[in-house]
Amino acid sequence: MGKLIRGTALDEQVKFCFCMTTDITNVAIEKHDLYPSSASVLGKAMTIALMMGGNVKDDAAITIKIDGGGPIGQVVCDCNGYGSVRGYVTNPHVNFTRSGKLDEITTLGNNGFIDVIKDLRIGDLFTSSVAIQTGNLAYDFAYYYNISEQTPTSILLGSIMNPDNKCQVCGGILIQLMPDALEETISFLEKRIESVKDFSNLLNDTTDYNDLLEIFFDKNYQVLGERETMFFCPCDKGRFAKGLLTIEANELEEMIKEDKGAEIVCHYCNKVYNFSTKDLEDILKVKLSEKK
């Protein structure tokens, strides 16, 4: 389980979302056999996804896709307003270090795009895309908010990976200015953010999220909501059976005659679903009946 805290601060001139994702990152490490750099990038991406989800309705869904051209390949995360998230990377076995620290910029790359797809349950999907500026996820998603949603935003992300390839800490905070924010409020907040030199260690040393929030806002903040978060994949055999219905009948026949079945692996959680010859024959019957 993780934790998501959202609220307002500095006389309601600022809204924030704080998220701890240590346990969620460890679940992802176990499911995908992630090496440290890949684990840190995916953990931070899932943190951002959850913070985005903290500002939408419970049944809304958000997908973010990040491709910076680096060796990790594509990073994909899904989340909803309930606090569930799942994610995967193309290449889980990536690890780069520089000066004794994980090198996430080399891992992710900085020549590509961030795509965000929001299903707010109001009809059409909201989609947007921005070019990756640096390969630093905190900076690049702040840039996304500033450009795509015209919302002045600061994001801090942190993670520490242990030598045994477990996540010691992962999390982040998203801070956004309200339209009526005063210049003195902006100046105060900028100084507080600049004073945080190592957000990863700050997260690691924080046992009470109130202590962390006070670093940014003193005691001038209000928590509006708190919820548990988790790595959760809703995949099941029925969903993949519906997917098999979309392929051509001759391909299903080939899978029945030559492959004697099918094995499908969920990208998000690595769960394996086996379809027997009879399973495929039943799917083929349904497909052929739909054509009549």
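Conventions adopted
- Residues numbered from 1 in each chain as written.
- Predicted model: local features only at pLDDT ≥ 70, side-chain atom pairs only at ≥ 80, totals over all residues.
- Heavy atoms only, no water.
- Buried < 20%, exposed > 50% of the residue type's maximum accessible area, 1.4 Å probe, protein only.
- Helix = DSSP H or I, 4+ residues; strand = E, 2+ residues; numbered from the N terminus.
- Patch = residues over 30% accessible without salt bridge, like charges linked within 9 Å, V, L, I, M, F, W, Y side chains within 5 Å.
- Areas by Shrake-Rupley, 256 points an atom, 1.4 Å probe, with all protein chains shown as cover.
- Salt bridge = Lys/Arg side-chain N within 4 Å of Asp/Glu carboxyl O.
- Lys, Arg positive; Asp, Glu negative; His and termini not counted.
- Charge placed at Lys NZ, Arg CZ, Asp CG, Glu CD.
- Contact = heavy atoms within 4.5 Å.
- Phe/Tyr/Trp six-rings, centres within 6.5 Å; stacked < 30°, edge-to-face > 60°.
- Pairing = 2+ DSSP bridges.
- Axes fitted to C-alpha atoms, helices over the stretch in contact; angles between N-to-C directions.

1. Remarks on helix 1 (residues 22-32)
Along helix 1, the positions that sit buried rather than exposed are T22, I24, T25, N26, A28, I29 and H32. One or two residues past the end of helix 1 sits D33, with phi positive at roughly 55 degrees.

2. Regarding a negative patch on the surface
A grouping of E248, E251, E254, E258 and D259 is seen on the molecular surface, where their side chains present a negatively charged patch. If you trace the backbone, E254 turns up in helix 9 (residues 249-259). The class of E254 is partly exposed, set by a relative accessible area of 45%.

3. A look at the pattern of salt bridges
Scanning all chains against the criterion turns up nine salt bridges. When the shortest N-O distance is used, the salt bridge between K118 and E149 registers 2.7 Å. Placement of the pair is K118 in strand 8 (residues 113-119) and E149 in the loop between helix 4 (137-148) and strand 10 (153-161), with a sequence separation of 31 residues. Overall, the relative accessible area of 10% leaves K118 in the buried class.

4. Some thoughts on the side chain of Q13
Looking at the secondary structure, you find Q13 in the loop between strand 1 (2-9) and strand 2 (14-20). Taking relative accessible area as the criterion, Q13 reaches 9% and is therefore assigned buried. Leaving out residues up to four positions away in the same chain, Q13 has contacts with Q176, L177, M178, D180, A181, L182 and T185.

5. Quick notes on the packing of aromatic side chains
For any pair of aromatic rings, the description consists of the separation of the ring centres together with the inter-plane angle of the planes. Following the criterion strictly, the structure yields seven aromatic pairs and no others. Ring geometry for F240 against Y273: centres 5.2 Å apart, planes inclined by 40 degrees, an arrangement best described as tilted. You can see F240 sitting in helix 8 (residues 237-244) and its partner Y273 sitting in strand 14 (residues 272-275), a full 33 residues away along the chain. Taken together, the ring pairs in this structure connect F16, F216, F217 and Y221 into an aromatic cluster.

6. Quick word on the sheet that holds strand 12 (residues 221-231)
Backbone-to-backbone hydrogen bonds join strands into a sheet, with any given pair of strands oriented parallel or antiparallel. Here we have 10 strands laid out as an open sheet, ordered 9-8-3-4-5-12-1-2-11-10, and mixed in their pairing. Two strands lie at the open edges of the sheet, namely strand 9 (126-131) and strand 10, each paired on one side alone. Adjacent strand axes in the sheet meet at a mean angle of 15 degrees when their direction is disregarded. Of the strand pairs in this sheet, strand 3 (residues 61-67) and strand 4 (residues 74-80) are connected by seven bridges, and their pairing is antiparallel. Considered in strand 4, the bridge of T63 is made with D78.

7. Here we look at the environment of Y82
Within the secondary structure, Y82 sits in the loop between strand 4 and strand 5 (84-89). It is 8.2 Å that separates the C-alpha atoms of Y82 and G54, two residues lying 28 residues apart in sequence. For Y82, the contacting residues outside a window of four places in its chain are D58, D59, R227 and E228.

Keep in mind these values describe shape, not function.
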